[in-house]
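Chain residues, written in single-letter form:
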Amino acid sequence: MSIDDELRWDGELTVTRHDRETDTTFVIRIDSTRLGPASGGTRAAHYPSIGHALADAGKLAGAMTLKMAVSDLPMGGGKSVIALPAPRNRIDSATWTRILDIHAENIDKLEGNYWTGPDVNTNSSDMDQLSRITKYVFGRSVDNGGAGSSAHATALGVFEAMKATARRRGLGTLDGRTVLVQGLGAVGGDVVRLAAQAGARLLVADTDPQRLEAASLAGHTVVPAGEVLRTPCDLFAPCAMGGIIDSAAAASIPTLAVAGAANNILTDAAAGAVLRSRGVLCAPDFVANAGGAFHLVGREVLGWNEDDVVERTLGIGRTLDEVYSLSEERGITTEAAALLLARARLSPASATAAAT
Ligand code: HCI
């Protein structure tokens, strides 16, 4: 993860800034503006190095480009990473406000080529704070004129993806199936509720004891965080951080299907190939988790109402069916099939062909 390596990146732009007072490093990466202004959330975390922060921003920005393209939204892909001097829960509120203000200044200098939104460790009230300095912000609170949290739309889309994936894998409906959800945040918690309503037996994992207690009281079975990749289930739904299935995990994970909300679930293409060789059907994350983008871009750019957001989000199941059919026809991984669909929309040649 050297900075030299991470800067050999074929996206459109990398912007960085360091604030000595808070010892915080800011990164904005624009992967592509081919289909519209780059957009993607702001993630705040304590990274081992600036190289790691650049790498994370680049991978996440690339995923946003693919998500927008495959979802037919008129936006490009970008992402911001705020590399904090300590974990988010150890940053006091005055420091956090200063950090957000500097981030907002950076975004504003890009003059609308990049629009941000909430991501890991940022929420609607943080978007409100950014919007005091820059207008290029999605997901402000409803009281402040924004579309509010996108968590429910994301969860609804992930639930559609889980159902479509279970069906295609020959599991039928989720009724009576064992579903393991990793991460009980705003999205994962909602996914658990939806899957339980559909009759699934829920196994849940998180690092927060309070969330686990609530899930346990709701009748779900707690799995220790370290056991997630060794716990048998019909469908595994990663709804926490990305990068959790590498080739070794793919070779042994005791599940039949994977569909979750996390971005970049697979560490690389090889992990997808290993899953495929074992008959584990994996929903490409940039297809499955697009509900949040439908909510934010739909409500704030395209003038959609809540029903429009729901209708488009329910379409995620149909998009996945297309991905799965293409993967079967071509004998390629589901990730490669989804990339083909996204790239067809991104390539200037296909755009010209469609226009003539
Ligand atoms: C995501 O899908 O990762 C977050 C959704 C989003 C969409 C557009 C701008 C910011 C965040």
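Notes on the structure follow. What you see is a predicted model, and the numbers here were worked out from it, not measured in a lab.

## Some points on the site of the ligand
In the vicinity of the ligand, the contacting residues are Ser39, Gly40, Gly41, Met64, Lys67, Met68, Lys79, Gly117, Phe138, Asn263, Ala293 and Leu296. Contact with the protein chains removes 94% of the 310 Å² of surface that the ligand exposes when unbound. Going through the elements one at a time, helix H2 (50-70) and helix H11 (291-300) are the ones with two or more residues in the shell around the ligand. A total of three residues in the shell around the ligand trace back to one element, the largest contributor, which is H2.

## What to know about the pattern of salt bridges
Close approach of charged atoms allows side chains with opposite charge to pair. Per the stated rule, a full pass over the model turns up 18 salt bridges. Of the charged contacts in the structure, one is a salt bridge between Asp19 and Arg98, with a shortest N-O distance of 2.7 Å. You can see Asp19 sitting in strand E1 (residues 13-19) and its partner Arg98 sitting in helix H3 (residues 93-109), a full 79 residues away along the chain. A relative accessible area of 7% places Asp19 in the buried class.

## Observations concerning the side chain of Thr334
When you line up the elements, Thr334 lands in helix H14 (residues 334-346). Residue class for Thr334 comes out buried when judged on its relative accessible area of 10%. Among residues more than four places away in sequence, those in contact with Thr334 are Leu281, Cys282, Pro284, Val323, Tyr324 and Ser327.

## Side note on the layout of surface pockets
Roughly 1,200 Å³ of internal volume is contained in the largest pocket. For the largest pocket, the lining is made up of 48 residues, of which Asp119, Val120, Asn121, Val187 and Cys239 are closest to its centre. For the lining of the largest pocket, the secondary structure elements donating two or more residues are H2, helix H5 (151-168), helix H6 (186-197) and H11. Looking at the lining of the largest pocket element by element, the count peaks at four residues for H11.

Calculation notes
- Residues numbered from 1 in each chain as written.
- Predicted model: local features only at pLDDT ≥ 70, side-chain atom pairs only at ≥ 80, totals over all residues.
- Heavy atoms only, no water.
- Near = heavy atom within 4 Å.
- Areas by Shrake-Rupley, 256 points an atom, 1.4 Å probe, with all protein chains shown as cover.
- Helix = DSSP H or I, 4+ residues; strand = E, 2+ residues; numbered from the N terminus.
- Salt bridge = Lys/Arg side-chain N within 4 Å of Asp/Glu carboxyl O.
- Buried < 20%, exposed > 50% of the residue type's maximum accessible area, 1.4 Å probe, protein only.
- Contact = heavy atoms within 4.5 Å.
- 1 Å grid on protein atoms, 1.4 Å probe; cavity = no way out; pocket = protein on both sides within 12 Å on 5 of 7 lines; lining within 4 Å.
- Points joined across faces, edges and corners; volume = space filled by probe spheres on them.

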